[in-house]
Amino acid sequence: LLGRIEHEWAGRRKILDLPNARIWTPDDRVDLSFEFLGRPCASPIGPAAGPHTQMAQNIVLAWLGGGRLFELKTVQVLDDLEIGRPCIDMETIGYNIEWSQELTVPASLDEYVKAWVVLAVLSRWEPLQEYIGDPGPHVFDMSVGYDLEGIRTEKVASFIDGMRDATASIDALRPELTGPFAEYADLDIDPVLSDTLTLSTFHGCPPEEIESITKHLVDHHDLDVIVKLNPTLLGYETVAAIVNDELGYTDVRVKEAAFADDLQFDRGVELIGELDQYAKDRGHRFGIKLTNTLVVENHRGFMPDDPMYLSGPPLHVLAHSLLDRLAGALPGTFMIPGHDGDVMVSFSAGVTKDNLADTLA
């Protein structure tokens, strides 16, 4: 990767095909920095878990484009999946049928370590200095799923431990820092890639399982935890009314059966309060993510599997609507304007250059 980066930069002033004009330079007059579960981060903007945070080069590209908060692709114990192709449909709304990592668990760790080392090098690489300025700190937030049994296996536990202390993995890469990057072979690189985790509950995960997994991650792995919630918390009628009627996506077929299997709103409210207190009692932080994808019927015929999972513009409105309802049910709980709570809300879905400023505000 570094060899390609140096070669492209020398010949075309590009990195992984990204032109130098597209590299984001921080503006000294605008401070976007914040704390992600107490960790300093130069910006709350970055990619959520998905194929674009599965490979090292994609993470590097996101960083060059201004991303500083990276929710890494969700890892789970089943790492020999057969995923139908094509698995992503981005014609208008975003749809996918790809619900887990496509790499083995050890290979996923390798990708994240490679990205971590490359960013450590590029943030100091002289040819980039005029473009990136002071890039500030970035955060890797790991993600695992989808049940306690899988998360407790040696395979997934070793992955989490490897993210908590990647000393051996980083040292194994140092001999590859040669040629124009030889001066970085002994670079002081933080061995803690991540000590925060966003739990992907996926669809149909029962509340007692969510509770058990979160407590296990806090107690056994000493992590601050964010729980990803599903738009189904709003209820079928509300979601269908928003997507089909208010927004006019009449061709989206919301899957009613998915709502009965998912966490219900009242229990979700209880769970947020219980898990926040559990984390606090143990000196940890708790947050929520809004939202996971929405289960819909696959009637388009472009991808082979049914159901498919919707993201993009409709999910943006559903996430806002769900936060509004949760904030009403739990006043003073969330770290959002007018509430002064301490439960962080991680937000994704349908963010564009046109609504980014309002979303951040």
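Residues numbered from 1 in each chain as written. Predicted model: local features only at pLDDT ≥ 70, side-chain atom pairs only at ≥ 80, totals over all residues. Heavy atoms only, no water.

Caption draft 1: Just the sheet that holds strand β5 (residues 69-71), in detail. The parallel open sheet is built from 6 strands, whose spatial order is β5-β8-β9-β10-β11-β14. Whereas interior strands pair on both sides, the edge strands pair on one side only; in this sheet they are β5 and β14 (344-347). Within the sheet, the average angular offset between the axes of one strand and its neighbour, ignoring direction, is 25 degrees. With 3 bridges joining them, β5 and strand β8 (residues 139-144) adopt parallel strand pairing. For Phe70, the partnering residue across the bridge sits in β8 and is Phe140. Sheet strands in contact with helix α6 (residues 154-164) are β8 and β9 (196-200), and its direction is about 175 degrees off that of β8. (Pairing = 2+ DSSP bridges. Helix = DSSP H or I, 4+ residues; strand = E, 2+ residues; numbered from the N terminus. Axes fitted to C-alpha atoms, helices over the stretch in contact; angles between N-to-C directions. Contact = heavy atoms within 4.5 Å.)

Caption draft 2: Inspection of the pairing of strand β13 (residues 308-311) at higher detail. Pairing of strand β7 (residues 94-96) with β13 involves 3 bridges; the strand directions are antiparallel. Note on β13: the bridge partner recorded for Asn96 is Tyr309. In terms of strand pairing, strand β12 (residues 294-296) meets β13 through 3 bridges, oriented antiparallel. Directly across from Val296, in β13, lies its bridge partner Met308.

Caption draft 3: Unusual backbone geometry, seen in detail. Residues Leu290 and Thr291 are joined by a peptide bond in cis, for which omega reads -5 degrees. Relative to the elements of secondary structure, Thr291 occurs in the loop between β11 (286-290) and β12. Asp306 connects to Pro307 through a cis peptide bond whose omega is 5 degrees. For Pro307, the location among the structural elements is in the loop between β12 and β13. Even without being glycine, Leu37 reaches a positive phi, approximately 50 degrees. By the secondary structure assignment, Leu37 is in the loop between β3 (34-36) and β4 (39-41). The residue Asp222 is not glycine, and still its phi comes out positive at about 60 degrees. Along the chain, Asp222 falls in the loop between α8 (207-221) and β10 (224-229).

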